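Letter by letter, the chains look like this.
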Amino acid sequence: MLTLTFFATTLIDIYVMILLLRIWMRWVKCDFYNPFSQFIVKMTHPIVNPIQSILPSAKKIEAAAFFISFFLMALKYPLLLFIQGGVIVLNQYNLLFGVVSLLKVIGYLVFWIIIIRAITSWISQGSSPMDDLLDELTEPLMSPIRRFLPAMGSIDFSGMLLILILYLMNYLGMDLLGDLWLIL
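As the structure is a prediction and not an experimental result, all values here were calculated from the model. (Residues numbered from 1 in each chain as written. Predicted model: local features only at pLDDT ≥ 70, side-chain atom pairs only at ≥ 80, totals over all residues. Heavy atoms only, no water.)

Along its length, the protein carries seven helices and zero strands. Based on the C-alpha atoms only, the size of the protein along its principal axes is roughly 55 × 40 × 30 Å. Counting across all 184 residues of the protein, residues that qualify as buried make up 37%. Considering only contacts in the protein between residues 6 or more positions apart, those separated by 24 or more positions represent 65%. A total accessible area of about 11300 Å² is found for the protein, and carbon and sulfur atoms account for 73% of it. The protein carries 11 positive and 11 negative side-chain charges, and their two centres are separated by 8 Å. (Helix = DSSP H or I, 4+ residues; strand = E, 2+ residues; numbered from the N terminus. Buried < 20%, exposed > 50% of the residue type's maximum accessible area, 1.4 Å probe, protein only. Contact = heavy atoms within 4.5 Å. Areas by Shrake-Rupley, 256 points an atom, 1.4 Å probe, with all protein chains shown as cover. Lys, Arg positive; Asp, Glu negative; His and termini not counted. Charge placed at Lys NZ, Arg CZ, Asp CG, Glu CD.)

Given below as structure tokens:
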């Protein structure tokens, strides 16, 4: 059962991260002709496109992609209960669990995008289309932190500080929700 739980959790989380990347890329107005952007759009298009006719986008936010992300995260906890115990429990708490799970996945997504940006900045040094996309995604989050941090030469500590803030928020979630935070 643990293998199936891991597989279901990982599959849902990765697809929700892809949906959230689509929302994030539209929010920061990324170059949609970038090959990675095209991959994200093609991965989400079959599910998002039919729902976009029902839920149109609101300014910078793709409502359909956000709704699907929330829906998947709200179904994640009952699915895990079904896999582990054979019982489906659908109630109003699933909506709360969906919100908490979505916030947790957003934190993980931001964490991994910052880590990937740091690694690619060491390797390709700005010569890849992926570098441009990662810069476009993370710059709105890191530039406000740079205003408060003193300049340290060519070393940018804004990513590190943002990761520490994400760790703090993760531990706060563990303190407030306990084992439920780990399950979600």
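This brings us to helix α4 (residues 93-123). Taking 1.5 Å as the rise per residue, α4 with 31 residues should run 45 Å; its terminal C-alpha atoms sit 45 Å apart, in good agreement. Phi turns positive, to about 55°, at Q125, one or two residues after α4. (Expected span 1.5 Å × (residues − 1).)

Let us now look at the packing of aromatic side chains. Tallied over the full model, the rule gives five aromatic pairs. Ring geometry for Y77 versus F97: centroids 4.6 Å apart, planes at 65°, classification edge-to-face. With Y77 in helix α3 (residues 63-85) and F97 in helix α4, this residue pair connects regions lying 20 residues apart in the sequence. Residues Y77 and F97 agree in their burial class; the two are buried. (Phe/Tyr/Trp six-rings, centres within 6.5 Å; stacked < 30°, edge-to-face > 60°.)

With that settled, consider the packing of α4 against helix α6 (residues 158-177). Axis separation between α4 and α6 bottoms out at 10 Å; the angle between their running directions is 155°. Compared by their axis directions, α4 and α6 come out roughly antiparallel. Note on packing geometry: the crossing formed by α4 with α6 is left-handed. Every residue of α6 that contacts α4 at V100, G107, Y108, V110, F111, I114 and I115 is listed here: G159, L162, I163, L166, Y167, N170 and L177. In terms of residue class, the contact of α4 with α6 is made up of eleven nonpolar, three polar and no charged. (Axes fitted to C-alpha atoms, helices over the stretch in contact; angles between N-to-C directions. Parallel < 35°, antiparallel > 145°, perpendicular 65-115°, else oblique. Left-handed = near helix turned anticlockwise from the far one by under 90°. Nonpolar A, V, L, I, M, F, W, Y, C, P; charged D, E, K, R; others polar.)

Note that T120 resides in helix α4. Looking at T120, the relative accessible area reads 19%, which means it is buried. Ignoring any residue separated from it by four or fewer positions in sequence, one finds T120 in contact with Q125, D131 and L134.

Under the 1.5 Å per step criterion, the end-to-end length of helix α1 (residues 2-27) is 36 Å for 26 residues, consistent within 8% with the ideal 38 Å. Directly after α1, the chain includes K29, whose backbone phi takes a positive value near 60°.

For the rest of this paragraph, the subject is unusual backbone geometry. Phi at K29 takes a positive value of approximately 60°, unusual for a residue other than glycine. Within the element layout of this structure, K29 appears in the loop between α1 and α2 (35-52). A residue is classified by how much of its surface remains accessible, and K29, at 63% relative accessible area, is exposed.

Function cannot be inferred from these measures alone, as they are strictly geometric.
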